[in-house]
Amino acid sequence: DAGVTQSPTHLIKTRGQQVTLRCSPKSGHDTVSWYQQALGQGPQFIFQYYEEEERQRGNFPDRFSGHQYPNYSSELNVNALLLGDSALYLCASSLFGEFGELFFGEGSRLTVL
Amino acid sequence: AQKITQTQPGMFVQEKEAVTLDCTYDTSDQSYGLFWYKQPSSGEMIFLIYQGSYDEQNATEGRYSLNFQKARKSANLVISASQLGDSAMYFCAMRDTDYGGATNKLIFGTGTLLAVQP
């Protein structure tokens, strides 16, 4: 039973570039959310996708956008990268309505130079 | 708004001993959920245990148990028989109830770095 998988695991970009991160949820899960974790801090919620729509959004600018596909996989896009976007980006999945389960992937570590 | 407080930046424990990691929370809601995650240096957030506010029993998962004291708004994680592989960052988190049910928005504490010594 595959868990949450993310790609790429590491990447380096320069300021102003755009990046796309990918996530496949755990088998049987239909809801995906994205988190940003800066060094030394706890994760911060970016947004959540269910039924291919953004359902909730945290306090992040419009440069952060996403998508969910019919197979429940998801992408996180960040435009016009800033140095402060350097972080570990974590994807989490669950089954809609199940309150006791939220599983994370290993994350994509983004470095912006 | 909800808040999670973890007051122990770092903890040491001897192998095979038990350790308690503290977590207090602040919410005005009656229905809420609390999570504990382990994050090793690899970065993955590993789900450990969940406690719902209406659960009558304290949650347990193998060597992990949650000491849930609702009146004191605390949800401490107890790890029994510590192992070297338990060395990691541990986060307490609460589901954000401002969105009603079925949200994956968790509010995390600042974490506790646990070091297990042989």
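Keep in mind that this is a model prediction, so the values were computed, not measured. (Residues numbered from 1 in each chain as written. Chains lettered and ligands numbered in written order. Predicted model: local features only at pLDDT ≥ 70, side-chain atom pairs only at ≥ 80, totals over all residues. Heavy atoms only, no water.)

(A) Inspection of the interface of chain B and chain A at higher detail. Contacts between chain B and chain A engage 20 residues on the former and 25 residues on the latter. At the boundary of chain B with chain A, total buried surface from both sides reaches about 1900 Å², with 55% on carbon and sulfur atoms. Here chain B and chain A share 0 salt bridges between them. Between chain B and chain A we count 3 residue pairs in polar contact (both at pLDDT 80 or more) in total. Broken down by secondary-structure element, the contributors of at least two residues to the side of chain B that touches chain A are β5 (33–39), β6 (46–52), β10 (88–95) and β11 (106–108) of chain B. If you tally residues by element for the side of chain B that touches chain A, the top one is β5(B), at 3 residues. (Contact = heavy atoms within 4.5 Å. Buried area = accessible area lost by both parts, 1.4 Å probe. Salt bridge = Lys/Arg side-chain N within 4 Å of Asp/Glu carboxyl O. Polar contact = N/O pair within 3.5 Å; in protein donor to acceptor, adjacent residues only side chain to side chain. Helix = DSSP H or I, 4+ residues; strand = E, 2+ residues; numbered from the N terminus.)

(B) Representation of the environment of Arg55(A) in the model. All names here are of chain A. Relative to the helices and strands, Arg 55 resides in strand β6 (residues 53–57). Assessed through its relative accessible area of 38%, Arg 55 is described here as partly exposed. Residues Arg 55 and Leu 82, 27 residues apart in the sequence, show an inter-C-alpha distance of 25 Å. Only 3.0 Å separates the side chain of Arg 55 from the backbone oxygen of Tyr 50, close enough to count as a polar contact. (Buried < 20%, exposed > 50% of the residue type's maximum accessible area, 1.4 Å probe, protein only.)

(C) Structural context of the environment of Gly43(B). Checked against the element boundaries, Gly43(B) lands in the loop between β5 and β6. Considered as a pair, Gly43(B) and Met89(B) are 46 residues apart in the sequence and their alpha carbons are 9.5 Å apart.

(D) Main features of the state of the cysteines. Counted by the stated rule, this structure contains 2 disulfides over all chains. Between Cys23(A) and Cys91(A) runs a disulfide, and the two sulfur atoms are separated by 1.8 Å. Disulfide Cys23(A)-Cys91(A): the torsion about the S-S bond is -65°, which places it as left-handed. Here Cys23(A) is found in strand β3 (residues 19–24), whereas its partner Cys91(A) is found in strand β9 (residues 87–94), with 68 residues between them in sequence. A single burial state applies to Cys23(A) and to Cys91(A), both of which are buried. Each disulfide pairs two cysteine sulfurs, and for Cys23(B) the partner residue is Cys92(B), the sulfurs being separated by 2.0 Å. Every disulfide takes its handedness from the sign of the S-S torsion; for Cys23(B) and Cys92(B) that torsion is -60°, giving left-handed. (Disulfide = S-S within 2.5 Å.)

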